[in-house]
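The lines below spell out each chain.
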Amino acid sequence: MAANEEEETTVSLVDVLEEDEELENEASAVLAGSDSDLCSFPQGYVKRQALYACNTCTPKGGEAAGVCLACSYKCHEGHDLFELYTKRNFRCDCGNSKFKQQCKLYPDKEQLNSENKYSHNFFGLYCTCNRPYPDPDDQVEDEMVQCILCEDWLHGRHLGCETPDSVELQEMVCGSCMNKNPFLWTYAATVATPGGRLEGEEEQKEEQKEVKSEELKKEGEPSTSRVTGGDEEEKTELKVERCKRRCEELEEACRMKELEGLGGPRRVQRGAVFWPATWRTKLCSCVSCQSCYVASGVSFLLDECDTVLAYETKGQRSEEAQRGHDPLMSALDNLNRVQQLEIIHGYNDMKTELKDFLQSFAAEGKVVTPDDIRRFFEQQQSRKRRRADGQMF
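Position labels on residues start from 1 in each chain and follow its written sequence. Where local features are concerned, this predicted model is filtered to residues with pLDDT of at least 70; where side-chain atom pairs are given and counted, the filter is 80 or more; whole-chain, interface and lining totals use all residues. Values shown for side chains rest on all heavy atoms present in the structure; no hydrogens or waters enter the calculation.

**Student:** Describe in detail the overall build of the chain, supporting the description with residues and values.
**Tutor:** Here a strand is any run of E in DSSP of at least two residues, a helix any run of H or I of at least four, and the numbering for each starts at the N terminus. Per the secondary structure count, the chain includes 13 helices and 7 strands. Burial statistics for the chain: of 393 residues in total, 34% are counted as buried. When checking whether two residues touch, look at their non-hydrogen atoms; a contact exists if any pair is within 4.5 Å. Considering only intrachain contacts with a sequence separation of at least 6, the fraction spanning at least 24 residues in the chain is 70%. Computed with the Shrake-Rupley method and a 1.4 Å probe, the accessible areas treat only the protein chains shown as cover for residues. Accessible area of the chain: about 25400 Å², with a carbon and sulfur share of 50%. Summary of the burial criterion: residues with accessible area below 20% of their type's maximum are buried, those above 50% are exposed, and those between are partly exposed, where the area comes from a 1.4 Å probe applied to protein chains only.

**Student:** Mind laying out the pattern of salt bridges, listing which residues take part and the relevant values?
**Tutor:** Any Lys or Arg side-chain nitrogen found within 4 Å of a carboxyl oxygen on Asp or Glu counts as a salt bridge. A complete count under the given rule lists 15 salt bridges for this structure. Between arginine 374 and aspartate 371 there is a salt bridge, with the nearest N and O atoms lying 2.5 Å from each other. Here arginine 374 and its partner aspartate 371 are both found in helix H13 (residues 370-392), 3 residues apart, which amounts to about one turn of the helix. Salt bridges sharing partners connect three or more residues here, namely Arg48, Arg88, Glu151, Glu171, Arg280 and Asp306.

**Student:** So, the sheet that holds strand E3 (residues 81-90): which residues are in play, and what are the values?
**Tutor:** One open sheet holds the 3 strands; their spatial order is E2-E1-E3, and the pairing between them is antiparallel. For this open sheet the edge positions go to strand E2 (67-68) and E3, each flanked by a neighbour on one side alone. Pairing geometry for strand E1 (residues 46-54) and E3, over 7 bridges, is antiparallel. When the bridges of E3 are listed, tyrosine 52 appears paired with glutamate 83. Two strands pair if DSSP finds at least two bridges between them.

**Student:** Would you mind going over the layout of surface pockets in detail, with residue names and values included?
**Tutor:** The method is simple in principle: a probe with the dimensions of a water molecule rolls over the atoms, and the space it marks as empty is what remains. Throughout, the protein atoms alone are placed on a 1 Å grid, and a set of points is a cavity if a 1.4 Å probe fits but cannot get out or a pocket if it is open with protein on both sides within 12 Å along at least five of seven lines; lining residues have an atom within 4 Å of a point. Grid points are joined across faces, edges and corners, and a volume is the space filled by probe spheres set on the points. Its volume calculated, the second largest pocket comes out at about 600 Å³. Together, 24 residues line the second largest pocket, and Arg88, Lys117, Leu149, Gly297 and Phe300 are the ones closest to its centre. When residues of the lining of the second largest pocket are traced back to their parent elements, those giving at least two are E3 and helix H4 (175-180). Class assignment for the residues of the lining of the second largest pocket results in 9 nonpolar, 6 polar and 9 charged. Basically, the charged four are Asp, Glu, Lys and Arg, the nonpolar ten are Ala, Val, Leu, Ile, Met, Phe, Trp, Tyr, Cys and Pro, and anything else, Gly included, counts as polar.

Written out as structure tokens, the structure reads:
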């Protein structure tokens, strides 16, 4: 019975490798977008960067503070750190008046960063339940999702709505932030997930506007018939001018007011709202709405580069570019052609043999132990010695 239970809980090598690769890709996406060697303070309030809070230097009960990726490595190594994922428009606090020691990477810092925004995340607490993550007292497996406005992390069961599939491809605004920015409810009925059922009507209305604009332009074109007097010419010019003004008014129309006038079913104004990847492009950018965004402190919604997805994509590209400068390949450049080929062939042989060795375990569902890995490399050394001995005689 015990043996059966052990087999049921055993994770195959394939599962472990796939999970490790996924975690590595996620970490690379987050961290590669930030500098791991230089403090970000000189850059000012960085649009988006990976951040940490040090529970050793700024524990709960004191002032909240955040440090950049490089400072988490160089100035807070071995400390109790809270990983904050990424935050927008933040300037590194490491070494300022909130800390007892100076920053090792950039000592000359201002006393405070007045534009930084802090939350309970900086003390290792998250969600409306104000609990740590991971929570040792919470036995419920639940995914946490970050609100793109307040940037707090919330448990799926505390969102007040159903969590859609492919949540990583969407953006979430928590219920509190939705109520603080009520204009978003206007868009929620037609733009948010799963409110796409009215999206076709909006597109149809846009097409109708374009057709109407074309008709107005045609009406404003001068008649091909002969003009018999100055009054007729003046009427034509006035008509053209009115049509131009009408077209300009159509182009500058407020998209949000148009949505308000659509009528139809309205979304219940309660709980969090999930938005598809391109939803920001559908926000109105008229002068009045832009002023509203600025007053509410959410003008970043019009910036497509503000998204976490854009930041992670930048990090992945940076990581791929760094992988292009492989230290092994740099070392090979200093060897002659024969030596290069010998090393490359040796590396490829070992890679193939290791892959075959591990696949045999995966096929049988066995767990690879340290002794198995040790035995593999001992066999490699033995083969290498036999080849060397064969060349001597």
